Amino acid sequence: MLNAWALWQILRGPASPRAGALPRDVVWLRRLLYADVAGDLLLWEFLDDVSGVAEYAVSWAVWAATMVLLVRALAGVSARFRIIALALGLAGVLAAALRPFAEGPLLTASLLVTMATFGCKAMIVAGQGRDGRFSAVTIAIGWTALLVPQVYSLLQAGRVTFDGLSLAVHALDGLIVVWAARTAHELAAPGPGVAAPGTGRTSRLLAAALVVLVLPMAVVGAEGDARLTYTAADEGCRDRLRPATGLGPEERRRSFLCLARGETFAADAMFPEDLADQRLLAYGAQLCALPGDRERHALHERAGGKADAIELAAALEYLCPGIVARQKADADRRQAERDRQEAAWKAEANARCADPWPGVRARRQGTAAYMLFEGGGYAVYDDRDDSAGDPGDINGGDGEAADIFDAIEDGFIDAAGSSAAIVTDEENAAMCLTVKAFDSAPPLRLTGWDQVVEVGIASRSGRLVVPTYPEGGDSGAAGPLPGLAVAGPGRYRLRVHARTLPWDENDPDAPLEEHLLVVYPGRSTDKVVYRPRG
């Protein structure tokens, strides 16, 4: 209904003069007003598609000429009134012309253009109240289109709303086009007349306009007294941050805003830059009230922010002291639960494995489930000997070290220096591993094993170990296994037994492979295959 009424007001056409010819400047003024209406409705959009600079220049040029002629055409106002209105209007036009080249803050230039242009339009509408050619409806439309959006913007400063009221207010902003069309239509009256003196209507409207313009400025005051503290432009605020302990409430809020306005380690903004400080503080208070990291992260994402849990907690520590301690306590509880579950899983896996040679006791021995990673394979090595690169690295390390790829080519084992790499049939699963370390060569046991091979291995530091889970990179023994270098530094023989275990339909997770490692002192470096793969 509003749009239909507005279109009727605009499209009813220019009125013809009813008495005599109009002055030349009034004729041009009416043409400019209708040109401005056509531009706001359609032409500026087309021109903007061609060139944004051209649209900006032409629209302001049309307004400048319209404003000058309209102030001159007003009847019933003093020369001082005209001078002030023209000064404000020309100041707005000049500021708009210089804004693309201004080196100062864009906000300051935009504010100057808005205030000066607003003041000029307010005086023009007030002057129409003393000019008998313009109806009360036209003047009311002018004040409504001018004041309502401005007052609403001041009241909603720092808040983003999309409710019905905001949509209605933005619709009223378009009434300025209706006002221009009605002004051009009514300029065709026989001649200017002066409104009856003493009514005081124009004075009251002008006073109201001044109150609307000046009073909010007096209430807001300077930025030093406003709510803004740190902004995104204050890049050095982080250097001035102090620990949250001992800070007062105001300094805590400033410190939070400093971090919230800055970038994260991933170069993302922790919060959107267009959020007002009070909105950031409100979000911070909501985040503080949430019980855990997951809930805080979800709300933070809904607010348009990006930061990991550590960065967000560091900022919130200033708003809600103790959140880092609570977060650490929550993390410790979660880690304790994970440790408990892992310990139960290890115990269950180890319970499926038993010593395959119980009749022979070694000086050191142990049995555990060994978790195999993708590709399988494991190592026996001196974990304190870094002369051959990273100890225990079986994936092609530099220097004198065993290589799993050489072991695969051999079909079972590769030994070099203080390490040995052993191939497994299984991968991404558990196998059973038993280690036995003797002071001398034990009897050879071949019965029940698919493959038995013996190689030489050295211990420069006096240690030979099998990695424990998960130190071997998602693989390793799920239980403690003893060191195998019982005689200290020196050379040893490593005898590796391997076999496949039958699948247990009653226990699908039971290991399908078992290895027995026998270690004893020996100087030979020869490789002996007691039982090759069948």
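Residues numbered from 1 in each chain as written. Predicted model: local features only at pLDDT ≥ 70, side-chain atom pairs only at ≥ 80, totals over all residues. Heavy atoms only, no water.

This part is about the state of the cysteines. Evaluation of the coordinates by the stated rule reveals three disulfides. Each disulfide pairs two cysteine sulfurs, and for Cys237 the partner residue is Cys258, the sulfurs being separated by 2.0 Å. Between Cys237 and Cys258, the S-S torsion sits near 85°, and that sign places the bridge as right-handed. Of the two residues, Cys237 sits in the loop between helix 9 (201-220) and helix 10 (249-261) while Cys258 sits in helix 10, which places them 21 residues apart along the sequence. For Cys288, the disulfide goes to Cys320, at an S-S distance of 1.9 Å. One disulfide, between Cys288 and Cys320, carries an S-S torsion of -70° and so falls in the left-handed class. In this pair, Cys288 sits in helix 11 (residues 277-289) while Cys320 sits in the loop between helix 13 (309-319) and helix 14 (323-351), placing the two residues 32 residues apart along the sequence. Assessed through its relative accessible area of 16%, Cys288 is described here as buried. Residue Cys320 is classed as buried on the basis of its relative accessible area, which comes to 10%. By sequence-ordered numbering of the bonded cysteines, the chain has its disulfides arranged as 1-2, 3-4, 5-6. (Disulfide = S-S within 2.5 Å. Helix = DSSP H or I, 4+ residues; strand = E, 2+ residues; numbered from the N terminus. Buried < 20%, exposed > 50% of the residue type's maximum accessible area, 1.4 Å probe, protein only.)

The mixed open sheet is built from seven strands, whose spatial order is 7-1-5-9-8-6-10. Of all strands in the sheet, those with a lone pairing partner are strand 7 (476-477) and strand 10 (528-531), marking the two edges. Sheet topology places strand 6 (residues 451-459) next to strand 10; three bridges connect them, and they run antiparallel. Residue Val453 lies in a different strand from strand 10, and its bridge partner there is Val529. (Pairing = 2+ DSSP bridges.)

Confidence in the prediction of the chain, expressed as mean pLDDT, is 79, and 78% of residues score 70 or more. Below a pLDDT of 50 lies the segment residues 209-215, which in the model reaches nine contacts outside its immediate sequence neighbourhood of four places, other chains included. This model gives residues 217-230 a pLDDT under 50, and the stretch forms 18 contacts once residues within four places in sequence are excluded. (pLDDT = per-residue confidence, 0-100. Contact = heavy atoms within 4.5 Å.)

What follows is about unusual backbone geometry. A positive phi is found at Asn428, a non-glycine position, where the angle reads about 55°. With respect to the helices, strands and loops of the structure, Asn428 is situated in the loop between strand 4 (419-422) and strand 5 (430-437).

A surface patch of nonpolar side chains, about 390 Å² in accessible area, is lined by Leu41, Leu42, Leu43 and Phe46. Inspection of the secondary structure puts Leu42 in helix 2 (residues 24-50). (Patch = residues over 30% accessible without salt bridge, like charges linked within 9 Å, V, L, I, M, F, W, Y side chains within 5 Å. Areas by Shrake-Rupley, 256 points an atom, 1.4 Å probe, with all protein chains shown as cover. Salt bridge = Lys/Arg side-chain N within 4 Å of Asp/Glu carboxyl O.)

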